[in-house]
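# Coordinate analysis (summary)
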Amino acid sequence: MHSTTAFELLSFFTTRERADSIVGDLVEESRDGGKLVYWLRVLGVAVALSFERFRLAPAQCIGLAALGLTAHGCVLTLVFVASGLPWYPWNHAFAPGFWARLVVVVLSANLLTGYVLGRWVALQGANPIAGLVPLWLVAWPISVGIKAALFPGAPFTWLAGALAFPLFGLLPLIAGAIIARRREARPMPPAGG
Amino acid sequence: MKRQQPLGEFEQIVLLAVMRLRDEAYGISIRAEIAARTGRKAARGALYATLERLEGKGFLRPRIGRPTPVRGGRAKRYYTVSAAGARAIVRSQRAYRQMLDGLEISGVLHA
C-alpha cells in the first residue's frame, strides 16, 4: 500500500508519531479496498490536516507560504532562464515544442522547489510545504474560476487548467520534498569502507 | 487565567465517543462508534484534525499501542479523555441545557 510514501506525505502536516498511527489506520481500513481508495483517503486526510494547521496558526502558515512562494519564484526563474524559453510565451505559443518545453519547465521548477524546501525543512525543523499547500489548494479553484469567467465558451481551457494545477503544481512540489526527506533520512555509510 | 473556548459540536461528539470506548478508542473505532450512535459518517480528515486539536488542548491523552502486521507494522494511537476534557464536556452540555430550558420547539417543551 506504499505506506512509507503516505507516511512521508502526512508527516508534512502533523507529527511523525501521529502520521504513523494515521497511516496504520488507513492501511487497516483499506485491506478490502483498492489502491485508489487508499490514496484518496490519504489525500483527504492530508488536505484536512493542512487546513487544520492553517486554522491553528494562520500567521505562521502565511509566513511559511511566503517563504515557499519566494523559493518557488527563484527556482522557476532559474529553470525558465536555463531552458531558453522566450519571456513572452504568448507570442511563441504555436512554435514547435513550446508547450512541451513549458510543461517540463513548470514540472522541474515545482519538483526542485519541493526539494529545496524539503532540504530546508530537514535543516530547520519547520515546514514551508505545510504553509504552501493550503495556499495552493485555495488558489486552485480561484484560478479555474478566473479561466471560466474569462473563457466561458472554451470549457476545455479551464478544465485543462483544473487538471494541470494539481498535476504540474502540487504533486511535483510534494514529491520533491519527499525525495529530499528520504535522502536526509538515509543512514550514513560506515566510515573507513 | 486563559478563558477556555467552548467545544464545537463535533468536538463534543468525538470526546463522548472516546469516553464510550474506554481503553479501545483509536481512529477507526472512534469513527465507527460515531457512525453507530449518530448515523453520521465522519470524514476521516475531519476526525484526525479534531483529535489533534483536542489533544493540543489537553482534553485527550494519547497512548501508543503495539505495531501489528495488519496495519503495515504501524502502531495504534489510543486516546483517553483527560480530567480537563471531562470538565469541558460537562461545561458544554450544561450550556446547551440552560439554553434549552423552558423553550418549546416544535411542540416539545424542554424542562
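Criteria and thresholds
Residues numbered from 1 in each chain as written. Chains lettered and ligands numbered in written order. Predicted model: local features only at pLDDT ≥ 70, side-chain atom pairs only at ≥ 80, totals over all residues. Heavy atoms only, no water. Helix = DSSP H or I, 4+ residues; strand = E, 2+ residues; numbered from the N terminus. Buried < 20%, exposed > 50% of the residue type's maximum accessible area, 1.4 Å probe, protein only. Contact = heavy atoms within 4.5 Å. Areas by Shrake-Rupley, 256 points an atom, 1.4 Å probe, with all protein chains shown as cover. Axes fitted to C-alpha atoms, helices over the stretch in contact; angles between N-to-C directions. Parallel < 35°, antiparallel > 145°, perpendicular 65-115°, else oblique. Left-handed = near helix turned anticlockwise from the far one by under 90°. Nonpolar A, V, L, I, M, F, W, Y, C, P; charged D, E, K, R; others polar. Phe/Tyr/Trp six-rings, centres within 6.5 Å; stacked < 30°, edge-to-face > 60°. Polar contact = N/O pair within 3.5 Å; in protein donor to acceptor, adjacent residues only side chain to side chain. Expected span 1.5 Å × (residues − 1). Patch = residues over 30% accessible without salt bridge, like charges linked within 9 Å, V, L, I, M, F, W, Y side chains within 5 Å. Salt bridge = Lys/Arg side-chain N within 4 Å of Asp/Glu carboxyl O.

Further remarks concern the overall build of chain A. Summing up its helical and strand segments, chain A has seven helices and zero strands in all. When the helices and strands of chain A are read in sequence order from the N terminus, they spell out α-α-α-α-α-α-α. Residue burial in chain A is summarised as follows: out of 193 residues, 39% are buried. Sequence-distant contacts, at least 24 apart, represent 66% of the contacts inside chain A between residues at least 6 apart. Just so you have it, chain A exposes about 10600 Å², and 72% of that area is on carbon and sulfur atoms.

All names here are of chain B. Contact pair helix H2 (residues 27-38) / helix H3 (residues 44-56): the axes reach a minimum separation of 11 Å and the direction vectors enclose 115°. Taken as axis vectors, H2 and H3 run roughly perpendicular relative to one another. As for the relative orientation of H2 and H3, their crossing is right-handed in sense. Residues Gly 27, Ile 30, Arg 31 and Ile 34 of H2 form the contact with H3, whose participating residues are Arg 44, Leu 47, Tyr 48 and Leu 51. The class makeup of the residues in the contact of H2 with H3 is five nonpolar, one polar and two charged.

Summed over all chains, the structure comprises three aromatic pairs over all chains. Centre to centre, the rings of Phe12(A) and Phe13(A) are 6.5 Å apart; their planes meet at 70°, and the pair counts as edge-to-face. In this structure Phe12(A) comes out as buried when scored by relative accessible area, which is 1%. Taking the centre distance of 5.8 Å and the plane angle of 70° together, the rings of Tyr26(B) and Tyr78(B) count as edge-to-face. Of this pair, Tyr26(B) sits in the loop between helix H1 (9-21) and H2 while Tyr78(B) sits in strand E2 (residues 77-81), and the two are 52 residues apart along the sequence. Using a relative accessible area of 7% as the deciding quantity, one classes Tyr26(B) as buried. When its relative accessible area of 12% is taken as the criterion, Tyr78(B) is described as buried.

Within the fold, Glu52(A) resides in helix H3 (residues 35-56). Given a relative accessible area of 5%, Glu52(A) falls into the buried group. Looking at Glu52(A), its side chain comes within polar contact range of the side chain of Arg53(B), at 2.7 Å. Residue contacts for Glu52(A): discarding those within four places in its chain leaves Ala49(B) and Arg53(B).

Each α-helix turn comprises 3.6 residues. Residues three or four places apart therefore point the same way. Over its 13 residues, H3(B) runs 18 Å from end to end, which matches the ideal 18 Å to within 8%, given 1.5 Å per residue. Counting buried positions over the 13 residues of H3(B) gives eleven, a clear majority of the element. Every buried residue of H3(B) is accounted for by Arg44(B), Gly45(B), Leu47(B), Tyr48(B), Ala49(B), Thr50(B), Leu51(B), Glu52(B), Arg53(B), Leu54(B) and Glu55(B). Against the buried residues of H3(B) lie helix H2 (16-29) and H3 of chain A together with H1, H2, strand E1 (60-64) and E2 of chain B. In the segment just after H3(B), Gly58(B) is the residue with positive phi, at about 85°.

Residue and element names in this part refer to chain A. Together, Val 47, Phe 51, Val 138, Ile 142, Ile 146, Leu 150 and Phe 151 give the surface a local cluster of nonpolar side chains, amounting to about 610 Å² of exposed area. Where the nonpolar patch is concerned, the elements lending two or more residues are H3 and helix H6 (128-150). For the nonpolar patch, the leading source of residues is H6, giving four residues. Along the chain, Ile 142 falls in helix H6. On the accessibility criterion, Ile 142 (48% relative accessible area) is partly exposed.

All names here are of chain B. With a phi close to 50°, Arg 22 is a non-glycine residue in the positive phi region. As for its position among the elements, Arg 22 is in the loop between H1 and H2. Residue classification places Arg 22 among the exposed residues on the basis of a relative accessible area of 64%. For Ser 106, which is not glycine, the phi torsion reads 50° and is therefore positive. Relative to the helices and strands, Ser 106 is located in the loop between strand E3 (104-105) and strand E4 (108-109). Overall, Ser 106 belongs to the exposed group, its relative accessible area being 75%.

A complete count under the given rule lists 16 salt bridges over all chains for this structure. Here Arg18(A) and Glu52(B) are joined by a salt bridge, their closest N and O atoms 3.6 Å apart. One end of the pair, Arg18(A), is in helix H2; the other, Glu52(B), is in helix H3, on a second chain. We classify Arg18(A) as buried; its relative accessible area is 13%. Between Arg74(B) and Asp20(A) there is a salt bridge, and its shortest N-O distance comes to 2.6 Å. Note that Arg74(B) is positioned in the loop between E1 and E2 and Asp20(A) in helix H2, a pairing that runs across two chains. For Arg74(B), a relative accessible area of 10% translates into the label buried. With relative accessibility at 21%, the residue Asp20(A) sits in the partly exposed group.

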